[in-house]
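Listed below, chain by chain, are the residues.
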Amino acid sequence: MSCFGGDPNFCPECGNILPLPGIQDTVRCPRCSFCIPVAEFSGQQIHSTVVFNPVEQSSMALEDEEDSELKGPVIDRRCSRCNKEGMVYHTRQMRSADEGQTVFFTCIHCRYQEKEDS
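Counting from 1, residues in each chain are numbered in the order their sequence is written. For a predicted model such as this one, the threshold for reporting local features is a pLDDT of at least 70, and the threshold for listing and counting side-chain atom pairs is 80 or more; totals across whole chains, interfaces and linings nevertheless cover every residue. The side-chain figures draw on all heavy atoms in the structure; neither hydrogens nor water molecules are used.

## A short note on the confidence of the model for the chain
Then step 1. The predicted model of the chain has a mean per-residue pLDDT of 82, with 82% of residues at 70 or higher.
Then step 2. Looking across the chain, the model is least confident in strand E3 (residues 59-60), with a mean pLDDT of 53, and most confident in strand E6 (residues 102-107), with 92.
Then step 3. pLDDT runs from 0 to 100 and stands for how confident the predictor is about each residue. The contact criterion used is simple: two residues touch if any of their non-hydrogen atoms lie within 4.5 Å. This model gives residues 61-65 a pLDDT under 50, and the stretch forms 4 contacts once residues within four places in sequence are excluded. A run of DSSP states H or I qualifies as a helix once it reaches four residues; a run of E qualifies as a strand once it reaches two. Both are numbered from the N-terminal end.

## Observations concerning the nonpolar core
Then step 1. To qualify as a nonpolar core, a set must consist of buried Ala, Val, Leu, Ile, Met, Phe, Trp, Tyr and Cys residues joined through side-chain atoms within 4.5 Å. For each residue, the accessible area found with a 1.4 Å probe, counting protein chains only, is set against the maximum for its type, and the residue is called buried under 20%, exposed over 50%, and partly exposed in between. Cys11, Cys14, Leu18, Val27, Cys29, Ile36 and Phe41 form the largest nonpolar core, which has 7 residues in total.
Then step 2. Sequence-distant contacts of Ile36, that is, excluding residues within four places in its chain, are made with Pro12, Leu18, Asp25, Thr26, Val27 and Phe41.
Then step 3. Membership of the second largest hydrophobic core comes to 5 residues, among which are Cys79, Met87, Phe105 and Cys107.

## Some remarks on the side chain of Glu114
Then step 1. Mapped onto the fold, Glu114 is located in strand E7 (residues 113-117).
Then step 2. On the basis of relative accessibility, which here comes to 15%, the residue Glu114 falls in the buried class.
Then step 3. At a separation of 3.2 Å, a polar atom in the side chain of Glu114 contacts the side chain of Arg77.
Then step 4. Once residues within four sequence positions are removed from consideration, Glu114 is found in contact with Arg77, Cys79, Ser80, Met87, Val103, Phe104 and Phe105. Any pair of nitrogen or oxygen atoms within 3.5 Å is treated as a polar contact; in protein, a donor-acceptor pairing is required on top of that, and neighbouring residues in sequence qualify only through side-chain atoms on both sides.

## Looking at the packing of aromatic side chains
Then step 1. Only Phe, Tyr and Trp rings are paired, with Trp represented by its six-membered ring, and only when their centres lie within 6.5 Å; those with planes under 30 degrees apart are stacked, over 60 edge-to-face, the remainder tilted. Within the structure shown, the criterion is met by 1 aromatic pair.
Then step 2. A centroid spacing of 6.4 Å and a plane angle of 45° characterise the contact between Tyr89 and Phe105, whose relative ring orientation is tilted. You can see Tyr89 sitting in strand E5 (residues 85-92) and its partner Phe105 sitting in strand E6, a full 16 residues away along the chain.
Then step 3. We classify Tyr89 as partly exposed; its relative accessible area is 30%.
Then step 4. With relative accessibility at 5%, the residue Phe105 sits in the buried group.
Then step 5. Throughout this description, the term charge over a ring refers to an Arg CZ or Lys NZ atom that lies within 6 Å of the ring centre and within 35 degrees of the ring normal. Across the ring face of Phe105, the terminal group of Arg77 is positioned such that the distance to the ring centre comes to 3.8 Å.

## Re the side chain of Thr106
Then step 1. Here Thr106 shows up in strand E6.
Then step 2. If near-sequence neighbours (up to four positions away) are discounted, Thr106 is found in contact with Leu70, Met87, Val88, Arg111, Tyr112 and Gln113.

## As for the pattern of salt bridges
If charged atoms from side chains of opposite charge come close, those side chains can pair.
Then step 1. The salt bridge definition used is simple: a Lys or Arg side-chain nitrogen within 4 Å of an Asp or Glu carboxyl oxygen. Within this structure, the stated rule accounts for 4 salt bridges.
Then step 2. Where Arg77 meets Glu114, a salt bridge forms, and the shortest distance between an N and an O atom there is 3.2 Å. Within this pair, whereas Arg77 is found in strand E4 (residues 72-78), its partner Glu114 is found in strand E7, the two being separated by 37 residues in sequence.
Then step 3. Among the salt bridges present, the one from Glu116 reaches Arg77, with a minimum N-O distance of 3.2 Å. One end of the pair, Glu116, is in strand E7; the other, Arg77, is in strand E4, with 39 residues separating them in the sequence.
Then step 4. By relative accessible area, which is 23% here, Arg77 ends up partly exposed.

Listed below in structure tokens is the structure:
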């Protein structure tokens with residue numbers, strides 16, 4: 001008996017995203033191996049869109065040697081000090097290997113630094 005249902009893009013047994021139908025007669029869930037006949041996907045259309053950020057928004061490289069540490073991807077994160085949008089980030093493995101990385105954020109406006117353990 002199915003636990004999940006409604007969207008044909010997801011496995012009705014475990015909820016995992018199903019791969020696109022290929023040349024096989026069935027679509028097999030990569031997580032639980034549930035099989036769905038390809039005929040059930042007949043007539044469905046799949047539409048996808050990829051939106052790229054402009055180059056000037058995707059990374060920040062400042063000219064001054066003093067600001068050389070502010071290179072990297074700019075994300076939409078609000079600074080807790082100046083309350084402006086836009087922070088540069090980088091990650092480091094500060095703790096043991098079986099724990100998440102530490103993410104360091106630097107505001108591109110006031111240079112305030114925050115860290116987040118993920």
